Amino acid sequence: MMQKRDLTCIGCPMGCQITVELDGEEIKSVTGNSCKIGDRYARKEVIHPERTVTSTIAVTGGDKQRCSVKTKGNIPKDMIFECMDAINRVSIPAPVKIGDVVIRDVCRTGIDVVATRNIHKA
Amino acid sequence: METTEMMSYDIVIVGGGPAGLAAAIAARKNGTDRILILERDKELGGILNQCIHNGFGLHTFKEELTGPEYADRFIQQVYEMNIEYKLDTMVMDISAEKVVTAMNRRDGMFRIRAGAVILAMGCRERPRGALNIPGYRPAGIYSAGTAQRLVNIEGYMPGHEVVILGSGDIGLIMARRMTLEGATVKVVAELMPYSGGLKRNIVQCLDDFGIPLKLSHTVVDIEGKERVRAVTIARVGKDMKPIPGTEERYTCDTLLLSTGLIPENELSAGCGVEMNPVTKGPFVNEIMETNIPGIFACGNVLHVHDLVDYVSEEAAKAGEAAARYVQSGCAEASGDRTPIRLVATGGVRYTVPSTIHTDRMDDLLTVRFRVGAVYRQAYVSVYFDDERVQHQKKKIMAPGEMEQIILQKKKLLERPDLQTITIKIEEDDTADPMKGSSDGRNMSHTNESSGAADSTAQADHLKEA
């Protein structure tokens, strides 16, 4: 069955209005985009939408209470809240360095959660 | 105060955020030894430390970073270059003679004689008091940036049921952030008929979570004496006044305000720096110098940016110019001819810089500006005095997104009598000999003849999320 999906591209500030025609999981056409980023985004978005998740994590014994973190790559959009639960369950001891893995393979996505700031010992 | 001996530095930088850091690094790279950064917070990095979302640095580092990561790239350079800085330090006054008065707990009150001063204080959020919202003054009303700091730095949740007024990027980002942390964001109300934030933020921060955005709406009542209990919003007419009968009431415990940023220029005004009433920041020339020789400005204190990469770029220019100023023995600006004046008109609200001394400008000079309304398929036109030298079609321009053109020094030098450069938006393209050649999808300008320069449409694509 043919379906039409209207999307706003998040690839850049242009915010192109993109229309994707698809039959089940088969993409028939992508229109409205101005560049390749839009095409790539639209194809991904209609089948397997993904996002980067950023949040903070509790730190013990550090000069700050919270350490900001991010998923090192995109994770499936429908796993954002599961990922947030995992992030909110852990706390890490200071010191922390940018890039330190705080959760490996979060929710079996294959993606690590890493620290995005340095925390020194208190 | 008179008992303390006055310190002396070549360059004093007020503010250790993205602008101050980039200015300091550039000044050191250009050979200035004695640089001091004064920062009010307990750490360097400024507002980036609480901007934990990603999308920063695509332009500068060709990768997508979070705010703290972007800041750290600069902080590490400051450490490596042994640039001095004082934290927890409040600057009280800057004199026109470039004596900086500051205080902190360790040194008490102290004064510094500076060869040059770089203003990099950033901006503040417009508070509730500036919005004329009726109702009580209960707890639970925060500016979006305050809420961002509470959640991301302090680890506190400001509330659980949230209404947001204003659709600036910080408000949108906080709608997502609060939702991820378990709060319910009921609605985002925006006074204007368009969002002040990026479309991609509307998708990622609102649409992803089913949060409604109500354009042309404002808050007309706040209920609750001790704590916010409910907020009523209403549609506004063309006159921006609420339309009776359109009220909708939302029960909530929190109201976040994302209603605009204002450059923080108390210190600048105090020393006699001339201010642009449009940007609420100083007027600067081609090297980011204010009307007071040796006092420079960069970053959000100059004009509010939406892309930190441009802050870093602008600040580096200020740092370099300050270094040159100090090394030249603080000689007053050269230029035997009067500077060229940049005029913003016809939909262009302001330009930075606002004057150009051609002899001191770089080969290519980026002029940044904002438009006052949403324009589709309109042209950015540049006039050298009365002659149009650039006419570039843009698919869309909006107040929330900074625009730029680039001027070439050699083109300006070809016209020794040039007095004004006018930048305006033209919706009618009848005067355009290239008419019809632009298919609307072609972002890459239809330059006319001796054109001023290319404007890099590409750079517009790099705005942070």
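Please read all numbers here as calculations on a predicted model, not as lab measurements.

Helix and strand content of chain B: 10 helices and 29 strands. Looking at chain B as a whole, 51% of its 465 residues qualify as buried.

At the interface, 23 residues of chain B touch 22 residues of chain A. Elements with a contribution of two residues or more to the side of chain B that touches chain A: helix 3 (67-80), helix 4 (144-154) and helix 6 (199-206) of chain B. In terms of residue class, the side of chain B that touches chain A is made up of six nonpolar, seven polar and 10 charged.

All names here are of chain B. Core analysis: the biggest nonpolar cluster contains 69 residues, and Ala23 and Ile118 have the highest contact counts within it. In terms of residue count, the dominant contributor to this core is helix 8 (residues 308-327) (11 residues). Excluding anything up to four places from it in sequence, Ile118 contacts Ile11, Ile13, Val14, Ala23, Phe296, Cys298, Ala318, Gly319 and Ala322.

We now examine helix 6 of chain B. Across the eight residues that make up helix 6 of chain B, a large majority, seven, are buried. Inspection of helix 6 of chain B places Lys199, Arg200, Asn201, Ile202, Gln204, Cys205 and Leu206 of chain B among the buried residues, and these make up the whole buried set.

Attention shifts here to the sheet that holds strand 15 (residues 230-235) of chain B. Residue and element names in this part refer to chain B. Taken together, three strands build an open sheet; the order of strands is 14-15-16 and the sheet is antiparallel. In this open sheet, the two edge strands, each paired with only one partner strand, are strand 14 (217-223) and strand 16 (248-251). Along the sheet, successive strands turn relative to each other by an average axial angle of 25°, direction set aside. For strand 14 and strand 15, the ladder comprises six bridges, and the chain directions are antiparallel. The partner of Ile222 across the bridge, within strand 15, is Val231.

Residues and elements named next belong to chain B. With respect to the helices and strands, the residue His217 is situated in strand 14. Taking the C-beta count within 10 Å as the criterion, His217 has 22 such neighbours and is therefore assigned buried. For the pair His217 and Glu401, spaced 184 residues apart in the sequence, the C-alpha separation amounts to 21 Å. In contact with His217, not counting residues within four places along its chain, are Ala189, Glu190, Ile233, Ala234, Arg235 and Val236.

The rules we used
- Residues numbered from 1 in each chain as written.
- Chains lettered and ligands numbered in written order.
- Predicted model: local features only at pLDDT ≥ 70, side-chain atom pairs only at ≥ 80, totals over all residues.
- Helix = DSSP H or I, 4+ residues; strand = E, 2+ residues; numbered from the N terminus.
- Buried ≥ 20, exposed ≤ 12 C-beta atoms within 10 Å, placed from the backbone.
- Contact = placed C-beta atoms within 7 Å.
- Nonpolar A, V, L, I, M, F, W, Y, C, P; charged D, E, K, R; others polar.
- Core = buried A, V, L, I, M, F, W, Y, C linked by C-beta atoms within 7 Å.
- Pairing = 2+ DSSP bridges.
- Axes fitted to C-alpha atoms, helices over the stretch in contact; angles between N-to-C directions.

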